[in-house]
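Each chain, letter by letter, is given below.
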Amino acid sequence: MTGAPWSSGVERGAAGALTVAGVDVRDLAAEHGTPAYVLDEADFRRRARAYRTAFEAAFGAVGTGVDVYYAGKALLTVAVARWAREEGLRVDTASGGELAVALRAQVPGAEIGLHGNNKSDAEILRALDAGVGRIIVDSLVEIERVAQLAAGRGVVAPVMVRVTTGVHAGGHEYIATAHEDQKFGLSVNTSSGETSPAMTALLAVLERPELRLLGIHSHIGSQILDPDGFEAAASVVLRLRADLAERSGVLVDEVDLGGGYGIAYLPGDVALDPERVAKDIAQSVAGVCQELGTSLPRFSIEPGRAIVGPAGLTLYTVGTVKPVTVAGESGDFVRLYVSVDGGMSDNIRPALYGAAYHAEVVGRTSAAEPVLARVVGKHCESGDIVVHEVQLPGDVRAGDLLAVAATGAYGRSMASNYNMLPRPPVLAVTDGAARVLVRRETEDDLLGLDQG
Ligand SMILES: Cc1ncc(COP(=O)(O)O)c(C=O)c1O
Ligand SMILES: N[C@@H](CCCC[NH3+])C(=O)O
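Worth saying up front: this structure is predicted, and the values here are computed from it rather than measured. (Residues numbered from 1 in each chain as written. Chains lettered and ligands numbered in written order. Predicted model: local features only at pLDDT ≥ 70, side-chain atom pairs only at ≥ 80, totals over all residues. Heavy atoms only, no water.)

A short note on the site of ligand 1
The environment of ligand 1 is made up of 15 residues, and the closest members are Ser 222, Gly 260, Glu 302, Arg 305 and Tyr 410. Between ligand 1 and Ser 222 there is a distance of 2.4 Å, counted from an oxygen atom to a side-chain nitrogen or oxygen. In this structure, an oxygen atom belonging to ligand 1 sits 2.8 Å away from a main-chain N or O atom of Gly 260. Protein burial of ligand 1: of its 390 Å² of free accessible surface, 93% is covered by the chains. (Near = heavy atom within 4 Å. Polar contact = N/O pair within 3.5 Å; in protein donor to acceptor, adjacent residues only side chain to side chain. Areas by Shrake-Rupley, 256 points an atom, 1.4 Å probe, with all protein chains shown as cover.)

See the structure below:
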C-alpha cells in the first residue's frame, strides 16, 4: 500500500484503519494497549525464506553451499528464534542472554553461533556446554581464553576468527564495523610490514589443539544499500584465506560474510534485493577463488534487520499535539509536534543514529490537509524524537493511533526503561489472530528490581 515500507500483510481495511495480517490495529490497541511492537509473522518467514533460497541458489550455482544465520541482536524472542529455524535458518547470538533464548527455542547448539568482542568466561562456557557450532573469536586474548576453557571442559572449540577488512560500509559511523579505528575484529592490515593481527590470530588458533579453526568471519556494517562492500570484503577475506594456506598449509573450509543488508525505512527507499545481491556476491567470490587458484569455501551470512525490520511496526497513541513556530532559512514555518506514549525508550535509533522513519495515523482515514509534523516521545529529553519529519493529517489529535513502519529490528532489542517506562509488548499477528510473544513490562517488574 502507498509505497510505504509496511510489512506485506498490512492493508487499509474497509473502515479506514490499518490491518496487519487481517487484524485491525484498533483491536490490537484495545486489547493490548499502546505502545506495542507488532510483528507480521508471515512477513518475517517470507523474508527468512527469501534470503535462504536466494543465497542457496546463487552459491549453489557457483558450486558451493551457504548457511544463513538469523542475527538475533535485531530481535530475539523464543518464537522468533523458532520461526527462523523453521524457515531453515541458523541463529547468530551476541551474548549469553541471546544464547539462552535460542536454546530455550530448542535451536540445536550446532546451529548457533556466538559473537562478542568481550565474552565472559561464563558465556564461553555456556556456549561450549551447549555445543555451539561456532564461537567467533575477536581478539588474541580471547583465543587463549577459549582454548583454556575448552581444555578445562575436555572439548575442542570450533572457532572462526573475526577480521576487519578495512571496507567501510553502513548507514552510520556507529554501525560500520570493518574500518580500523573501532573495537571489533582483527585487522588484515599489513602496512607495518609485519604479520597482520588477523593472520597472527589465525595462526594462533591453528597452534592450539583445543581449538578447531572453521574459518574466517567478516562483518562490515549495517543498513548497507550498496552491495559493492560485501564483494570487496569477501575478496579481502578470500585472499587472507589463501595467504593462510600458503603459510600454514591449511585452507580453511568456511567464510562468513556477516549481515548488514539494508532495508526500506521511508516511502521510496529501495531495499537490497536478496536475489540480486546473492548472485553478485556468489559470482564475485567464485571469480576471486578462480584467480587465487583455491577451491571455494562454504559461506555463511548473518542478516538480522533484513529479516525482521520490515516485519515490525510500532503502534502508539497520540497525546499532546502542539504547533511550534520554527525560524527557517526562508522564513518562519510551523511544525506540528505530535507526542506519543513511547519514544526513545522503545526506539533509540533516531536519537542514536539520526535514523529516519515513516509514520501514519492508522486508526482512521482523514480528509484533512497534510501538515509537516515531528513525532516525539514522552521522555525528558528534547532529542526524544520518533520521526523527525513526516506529513500527517492536519486534524491529528489526542487519542489517534499512530504507527511507525519498519521498526522490527533494533527497536525492542535496544529498548530501555528510561524515565522508568515499562517496555512495550511484542505481539505477533498471524492469519487474522494476534498473540503476545513478550508481555508488556509493568511498574511492578521495574520496582521489583529495586532493593530499596
Ligand atoms: C557480527 C554481526 N553479524 C550480523 C549483524 C546483523 O546485522 P544486520 O542486522 O544489519 O543484518 C551484526 C550487526 O550489525 C553483526 O555485528
Ligand atoms: N543496532 C544497529 C545495528 C547493529 C549493529 C550491530 N553490529 C542499528 O540499529 O542499526
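What to know about the site of ligand 2
The full set close to ligand 2 counts 7 residues, and Arg 305, Arg 349, Tyr 353, Tyr 410 and Met 414 are the nearest of them. Interatomic distance of 2.5 Å between a side-chain N/O atom of Arg 349 and an oxygen atom of ligand 2. With respect to ligand 2, the side chain of Tyr 353 contributes an N or O atom lying 3.0 Å from a nitrogen atom. Coverage of ligand 2 by the protein amounts to 86% of the 310 Å² it exposes when considered alone. Across the shell around ligand 2, the residue classes tally to 4 nonpolar, 1 polar and 2 charged. (Nonpolar A, V, L, I, M, F, W, Y, C, P; charged D, E, K, R; others polar.)

Some points on the pairing of strand S13 (residues 298-301)
With 3 bridges joining them, strand S5 (residues 66-71) and S13 adopt parallel strand pairing. Considered in S13, the bridge of Asp 67 is made with Ser 300. Pairing analysis gives 3 bridges linking strand S12 (residues 254-256) to S13, with the strands arranged parallel. Paired with Glu 254 across the bridge in S13 is Arg 298. Handedness of the crossover joining S12 and S13 through helix H9 (residues 274-292) is recorded here as right-handed. (Pairing = 2+ DSSP bridges. Helix = DSSP H or I, 4+ residues; strand = E, 2+ residues; numbered from the N terminus. Right-handed = clockwise from strand over helix to strand, strands pointing away.)

A word on the nonpolar core
Counting residues in each nonpolar core, the largest one holds 108 residues, and the members touching the most others are Phe 55, Tyr 70 and Tyr 261. Contacts of Tyr 261, omitting those with residues within four sequence positions, involve Tyr 51, Phe 55, Ile 224, Phe 230, Leu 272, Val 277, Ile 281, Ile 301, Pro 303, Arg 305 and Ala 306. By size, the runner-up hydrophobic cluster in this structure holds 20 residues, among which are Val 10, Leu 401, Ala 403 and Leu 427. (Core = buried A, V, L, I, M, F, W, Y, C linked by side-chain atoms within 4.5 Å. Buried < 20%, exposed > 50% of the residue type's maximum accessible area, 1.4 Å probe, protein only. Contact = heavy atoms within 4.5 Å.)

Some details on the pattern of salt bridges
As enumerated under the stated definition, the model contains 29 salt bridges in all. A salt bridge links Arg 26 to Asp 24; the nearest nitrogen and oxygen atoms lie 2.7 Å apart. We classify Asp 24 as buried; its relative accessible area is 14%. Here Arg 435 ties to Glu 41 by a salt bridge, and the two come within 3.5 Å at their closest N and O atoms. (Salt bridge = Lys/Arg side-chain N within 4 Å of Asp/Glu carboxyl O.)

A short note on the UniProt feature "binding site: pyridoxal 5'-phosphate" (unreviewed entry) in the protein
Residues given the UniProt feature "binding site: pyridoxal 5'-phosphate" (unreviewed entry) here are Gly 260, Glu 302, Pro 303, Gly 304, Arg 305 and Tyr 410. Locating Gly 260 in the fold gives a position in the loop between S12 and H9. On the basis of relative accessible area, Gly 260 is assigned to the buried category, the value being 10%. Tyr 410 has contacts with Lys 73, Ala 74, Arg 305, Asn 347 and Arg 349, leaving out every residue within four places of it along the chain. (UniProt positions renumbered as here; feature names shortened; annotations may be inferred.)

What about the packing of aromatic side chains?
Within the structure shown, the criterion is met by 9 aromatic pairs. A centroid spacing of 5.8 Å and a plane angle of 15° characterise the contact between Phe 55 and Phe 59, whose relative ring orientation is stacked. Of this pair, Phe 55 and Phe 59 both sit in helix H2 (residues 41-61), 4 residues apart, roughly one helical turn. You can call Phe 55 buried: its relative accessible area is 0%. For Phe 59, a relative accessible area of 0% gives the class buried. A ring pair is formed by Phe 55 and Tyr 261, whose centres lie 5.8 Å apart and whose planes are at 70°; its orientation type is edge-to-face. Residue Phe 55 is located in helix H2, and its partner Tyr 261 is located in the loop between S12 and H9; the two are separated by 206 residues in the primary sequence. Of the two residues, Phe 55 and Tyr 261, both sit in the buried class. (Phe/Tyr/Trp six-rings, centres within 6.5 Å; stacked < 30°, edge-to-face > 60°.)

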